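# Results of the structural survey
Chain residues, written in single-letter form:
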Amino acid sequence: MAKTQPVKLSAADSPVPGDPKARQTGWIRNEIRLLRKNRELLILALPGILFKLVIAYLPMIGLILAFKNFRYDRGIFGSEWVGFRNFEFLFKAEDAYRIIRNTLLYNFAYIITGTIAALLLALLLNELSGRLMKIYQTVLFLPFFLSMVLVGYIGNAFLDFENGFANKVLAFLGFPEHNWYLETTPWMYILPLIALWKGVGFSTLVYYAGMTGISTEYYEAAKLDGATRIQMMARITLPLLKPLVIILFILGLGNIFRGDFGLHYFIPNNVGPNFPTTDIIDTYVYRALTKLGDINSAAAVGFLQSFVGLVTVVSANYIVRRIDRDNALF
Amino acid sequence: MTLKSNNWFINAFFIVVCLLIVAPFILVVSISLSSEDSLFEYGYQFIPRVWSGEAYRIVFEKPDTILRGYGVTIMITIIGTFLSLMLTALMAYPISRRDFRYNRPLTFYVFFTMLFNGGLIPFYILMTQYLHLKNSLAALIIPALMSPFNIMIMKGFLDKISPEIVESAKIDGAREFRIFFRIILPLSTPALATLGLFIAFGYWNEWYNALLFIDNDKYIPLQLLLVRILSQAEFLANSPMAQVSDKLQFAQFPTLSVRMAMAIVASGPMLLVFPFFQKYFVKGITVGSLKG
């Protein structure tokens, strides 16, 4: 340890594969030397590495359950292989079409409305300063810190058939009252609205934080050239924010097949009549697991969620990379 | 040269947005402070027709259940936040160091779990069959300890700390542990405060793992308590399958105002804490790219 150079912070000193120096000293010996040199940082990361190994990587082995007929007494490895039989229900049941369509459409709606609203709010927030701006920020952020359970209570305060505020307003305006929880159409608007209400503060803050990182020199120079505020937004702020928007967009796409369980479980109250427009893959799997005990179908769906998520992210990243290398996530 | 202005139009816009965001809170608070009779007569309203503190009296009359819920929630929040912050910082620091040999593979190791995972069933089987964590506080703490997104935020923050600081500490003979605990952690206060608050809220609001892993009354956190109250009340009120005897039982169930009072009692404390951390937020959140 001591005989290696004491301080080097550039990445250049880790030899690239194929470096002639590395070949000379021998690949293994060189690797051990580097391991020793990096061991302190590696030890710092070790708790996290082990934790991820057990909690995140071990369950990946369990993905083979999607191709097995699981029996508790036989365990994961003892259960018999059934090929793609667990996936069959997905192509037969009308449930399958419904839950996949709902998951995809809702997630698209959440990503698009969320991104546009957050960008707009962050741009406007960036125009303000002082005390009021801090207050707006705090208020925007507030719903982010509520549990979905509590949001379910709030939803109930509006949507309850007899006492809910929404029906009071409708009655006051002379419209017929709705039995919200037993209907389908309204949920297509209610759920995105609640998702926006709850999540927009967080995304706004992420974008706003990104904007504060932009050097003021750009704006000063633009101002000297006589640029208007709108021009500055369009020509400086937005382009410089593009990488951040793309990162969050790609990450959002990775979860396109994975829905917000809390939102779709507590807000529509988990009652059958609104399933056509509220049921998503996650709530379906949860019900399959808890009510029907159908571990096999649930495992198959879980497998698909992970698989599709990975494929979407990698392809989205690939496309971004082809267009503009610097904006790719990895 | 000032680059910012206080545009009245933008201010007006934000005031409207803020009112829309706050309104639902006011409605819930108002319901909890209304008398039960007035709720049945006039429905839910933004300003109580007949004020009453009755709901809160009922909640605190037999405080056993809610106090136990508080105990569980406070416990997992404190232990979980501390452990989670530690793990997050310990992981984010090495991968934020450009000169760390394994920085790319480890970054990939962490973020791959964000894109691909075993899914609910294998995770459930791991937790219950292999780690034997059903009905334990650990089942509420462990799953959320390490979130890739938090690591990304922490890494984004650490990226901005200049390498010269580390370099000069090394010249002074400090080793990595010392540098991490004495220099990096203190410099990271804004990020740690921001993430700490996120994580603490995550634990305070924890219901998902509770729904999966807890059926013993001893370990029910506040949010699961709320889930049960709501789902039981809804079941009895709406289900055609509910028998007459169930309907009778419904009479003993928390009434409308009491339900909302419970919700406020369960969530209130954290919402009061939150504004005090606000000043750290903008400094603390920087979502960096994953490229090492």
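Small disclaimer: the values here were computed from a predicted structure and weren't measured.

## Remarks on the UniProt feature "transmembrane region" (unreviewed entry) in chain A
All names here are of chain A. Following the UniProt record, the feature "transmembrane region" (unreviewed entry) maps to residues 41-67, 104-126, 138-159, 187-209, 239-257 and 298-320 here. Helix and strand shares over residues 138-159 are 73% and 0% respectively, and the end C-alpha atoms of the span are 26 Å apart. Here residues 187-209 is 100% helix and 0% strand, with 33 Å between the C-alpha atoms at its ends.

## Description of unusual backbone geometry
What you tend to see is this: most non-glycine residues have negative phi, and most peptide bonds are trans. Residue and element names in this part refer to chain B. Positioned with a positive phi, His-132 is a non-glycine residue whose angle comes to about 50 degrees. Inspection of the secondary structure puts His-132 in the loop between helix H6 (120-130) and helix H7 (137-141). Note on His-132: relative accessible area 60%, which makes it exposed.

## Side note on the environment of Val-200 of chain A
All names here are of chain A. For Val-200, the location among the structural elements is in helix H10 (residues 187-212). For Val-200, a relative accessible area of 7% corresponds to the buried category. In the structure, Val-200 is positioned 81 residues away from Leu-119 in sequence and 9.4 Å away in space, judged by C-alpha atoms. Sequence-distant contacts of Val-200, that is, excluding residues within four places in its chain, are made with Ala-117, Ala-118, Leu-121 and Ala-195.

## Remarks on the packing of helix H6 (residues 94-126) of chain A against helix H1 (residues 8-32) of chain B
A pair of packed helices is characterised by two quantities: the angle between their axes and the separation of those axes. At their nearest, the axes of H6 of chain A and H1 of chain B sit 10 Å apart, and the two run at 135 degrees to each other. Considered as vectors, H6 of chain A and H1 of chain B are oriented oblique to each other. You can see that H6 of chain A and H1 of chain B cross each other, and the crossing is left-handed. Contact residues: H6 of chain A offers Leu-120, Leu-121, Leu-124 and Leu-125 of chain A, while H1 of chain B offers Ile-10, Phe-13 and Phe-14 of chain B.

## A few points about the side chain of Thr-138 of chain A
Among the structural elements, Thr-138 of chain A can be located in helix H7 (residues 131-141). Take Thr-138 of chain A: its relative accessible area is 16%, and that puts it in the buried class. Apart from residues lying up to four places away in sequence, Thr-138 of chain A is in contact with Phe-274, Pro-275 and Gln-278 of chain B.

## Comments concerning the nonpolar core
By size, the foremost hydrophobic cluster in this structure holds 196 residues, and its most contacted members are Phe-145 and Tyr-207 of chain A together with Phe-14, Tyr-93 and Leu-106 of chain B. With residues up to four places along the chain from it excluded, the contact list for Phe-145 of chain A reads Leu-197, Phe-198, Phe-201, Asn-205, Leu-271, Phe-274 and Phe-281 of chain B.

Basis of the calculations
Position numbers for residues count from 1 along each chain, tracking the sequence in the order it is written. Written order decides the labels, with chains lettered from A and ligands numbered from 1. Reporting in this predicted model follows two pLDDT cut-offs: at least 70 for local features of residues, and 80 or more for side-chain atom pairs to be given and counted; totals over whole chains, interfaces and linings ignore these cut-offs and use all residues. Side-chain metrics rest on all non-hydrogen atoms present in the structure, leaving aside hydrogens and water. UniProt positions are given in the numbering used here, feature names are shortened, and annotations may be inferred rather than shown by experiment. Strands are runs of DSSP state E lasting at least two residues, helices are runs of H or I lasting at least four, and both sets are numbered from the N terminus onward. Exposed residues in this analysis have more than 50% of their type's maximum accessible area, buried residues have under 20%, and partly exposed residues fall in between, with area computed by a 1.4 Å probe over protein chains only. Residue contacts are counted whenever heavy atoms from the two residues lie within 4.5 Å of one another. Note on geometry: axes are C-alpha line fits, over the in-contact stretch for helices, and angles between N-to-C directions span 0 to 180 degrees. For classification purposes, an angle smaller than 35 degrees is called roughly parallel, one larger than 145 roughly antiparallel, one from 65 to 115 roughly perpendicular, and anything else oblique. Crossings are assigned a handedness: left-handed for a near helix turned anticlockwise from the far helix by less than a right angle, right-handed for a clockwise turn. What makes a nonpolar core is a set of buried Ala, Val, Leu, Ile, Met, Phe, Trp, Tyr and Cys residues whose side-chain atoms join them at distances within 4.5 Å.

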